[in-house]
Amino acid sequence: MAFLSCRGENILRYVYLLSAGARASNVNKYDSISNPTGCINMGTSENRLVFDLLKDRMNKLSVKWEDDMYTYPDYQGIPELRQAVAEFLTDQAKSPEPLDPKNITIMNGGGICIEALTFAICDPGDAMMVASPYYGGFDRDAVLRPEAKVIPVHFHSEPDEPGQTEPFQITQSKFESVYQEETAKGVKIRAVFFMNPNNPLGDVPSKQLLLDMLHFCHRHSLHLIVNEVYMNSIFKEGVKFHSFLSLKPEEVPDPERVHFVWAGSKDLTMSGMRFGVIHTLNSSISSCINRFTYFHLIPVYIQRVMAHLFSDKDWWNNVFFPTNLKRLREAHKLTTDALDEMGIPYLNRPSGLYVYADLKKFIPSLTEAGELALFHRLIDDGVYISPSLAFFSDERGWFRIIFSRPPDEVKVAMARLARTCQAFLEENRQL
């Protein structure tokens with residue numbers, strides 16, 4: 001007797017490499033004292049460098065339990081929180097006009113915000129385009145339950161398009177080419193998903209690229225879902241960031257088809273708080289999503305805590321963000337110095353919690369099987385990093401390395417990485 005529906009079977013068969021790696025490392029979690037031979041998780045994009053700041057600040061919050069915390073809240077998010085988020089994002093994104101809280105919906109995580117937008121925009125089988133390599137969770141968010149189709153627009157480490165000067169450089173022309181190919185096959189494309197800054201590459205897109213994507217979407221009446229969860233994780237000094245929220249109204253040709261997603265998981269280092277934000281000017285999209293936010297509510301107490309926290313602009317701007325960026329710079333240098341010593345090429349990019357590194361020279365067979373063999377061998381030897389397959393790239397041999405962990409752990413992990421990669425190469429040469 002079958003226990004699951006066809007939908008249940010499809011969900012069970014779905015392979016999400018980022019979760020698989022995290023689960024494997026959690027079974028034998030590293031601890032410098034109790035389990036020094038355990039696996040160090042350098043694959044899950046979490047920032048563990050500023051927990052001390054968060055604990056100190058949040059322990060000082062005077063949020064008390066009130067009667068309304070025991071009742072059903074506003075499904076869009078409590079007004080106090082939406083107002084605080086609107087003011088916070090207006091400031092951080094440098095919006096030319098104050099954001100209106102009525103255009104903001106609060107949900108329990110950035111991933112569910114993307115899923116909600118996919119439900120509102122796509123019917124099952126409709127497609128969304130995204131530049132590859134891309135954040136592996138997007139495929140899960142758009143496909144697993146909404147049953148949309150994801151079309152990767154593949155970019156590569158070597159230029160293969162006119163005008164490309166950087167590895168994996170995104171171009172409007174390749175989006176146009178893939179769009180024409182897919183629609184000629186009868187595929188119904190409804191949206192483009194865009195990471196700003198990029199994960200896993202760490203690129204900070206130029207303003208011109210943002211405008212190019214807006215005009216590409218406008219030309220084909222496509223929605224643009226913009227994920228800016230790393231907007232405050234640009235650690236290199238002097239780098240100019242352009243949020244979609246910072247664009248002037250006259251620069252956005254189809255504002256009701258642009259939807260902004262942000263969360264506390266990366267910039268605020270609070271992945272466990274489950275806090276996500278959608279900003280959209282489209283009242284139909286907003287009304288649709290607000291019909292089912294009931295299933296994805298954040299407890300009112302947590303909403304009240306976050307409202308208090310967002311309101312402390314002085315602490316964010318003068319304590320948390322400067323300290324966080326300084327520690328990210330130091331952790332990035334520690335990691336890239338180790339990669340330099342190993343002779344491993346990597347993208348030296350200014351944002352994110354990660355380095356995208358080229359381990360091709362250690363993989364004799366640049367196939368899916370070859371890449372996964374090194375992936376699993378590294379876990380067995382005590383370090384989890386994420387392979388290019390997890391980011392739906394068609395170029396094997398690249399791995400994303402998370403550096404936002406305590407320095408002592410990073411040093412141990414990089415030493416293990418060097419030993420295992422060399423041993424893996426030598427063993428496979430003998431076969």
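Every value quoted in this text rests on a predicted model; they were computed, and no experiment measured them.

Caption draft 1: Highlighting the packing of helix α5 (residues 110-121) against helix α9 (residues 283-292). Here α5 crosses α9 at 120 degrees, and the two axes come no closer than 10 Å. Considered as vectors, α5 and α9 are oriented oblique to each other. The two elements α5 and α9 meet at a crossing, and its hand is right-handed. On α9, the residues touching Ala 116, Leu 117, Phe 119, Ala 120 and Ile 121 of α5 are Ile 285, Cys 288, Ile 289 and Phe 292. Considered class by class, the residues forming the contact of α5 with α9 number nine nonpolar, no polar and no charged.

Caption draft 2: Layout of the sheet that holds strand β12 (residues 398-402). On the basis of which strands lie adjacent, the open sheet formed by three strands has the order β9-β12-β11 and antiparallel pairing. One side of each edge strand has no neighbouring strand; the edge strands of this open sheet are β9 (354-358) and β11 (386-387).

Caption draft 3: Structural view of the side chain of Ser 265. Take Ser 265: it is sitting in the loop between β7 (258-263) and β8 (276-280). A relative accessible area of 13% places Ser 265 in the buried class. In this view, Ser 265 contacts Met 270 and Ser 271; residues no more than four positions away in its chain are not counted.

Caption draft 4: Molecular detail of the sheet that holds strand β2 (residues 104-107). The mixed open sheet is built from seven strands, whose spatial order is β2-β8-β7-β6-β5-β3-β4. Each end of this open sheet is capped by a strand with a single partner; those strands are β2 and β4 (149-154). Shown here is a sheet whose adjacent strand axes are inclined to one another by a mean of 25 degrees, direction ignored. Pairing of strand β3 (residues 127-132) with β4 involves six bridges; the strand directions are parallel. Directly across from Ala 127, in β4, lies its bridge partner Lys 149. Sheet contacts for α5: β2, β3, β5 (189-195), β6 (223-227), β7 and β8; angle to β7, the most-contacted strand, approximately 160 degrees.

Rules and cut-offs
Residues numbered from 1 in each chain as written. Predicted model: local features only at pLDDT ≥ 70, side-chain atom pairs only at ≥ 80, totals over all residues. Heavy atoms only, no water. Axes fitted to C-alpha atoms, helices over the stretch in contact; angles between N-to-C directions. Helix = DSSP H or I, 4+ residues; strand = E, 2+ residues; numbered from the N terminus. Parallel < 35°, antiparallel > 145°, perpendicular 65-115°, else oblique. Left-handed = near helix turned anticlockwise from the far one by under 90°. Contact = heavy atoms within 4.5 Å. Nonpolar A, V, L, I, M, F, W, Y, C, P; charged D, E, K, R; others polar. Pairing = 2+ DSSP bridges. Buried < 20%, exposed > 50% of the residue type's maximum accessible area, 1.4 Å probe, protein only.

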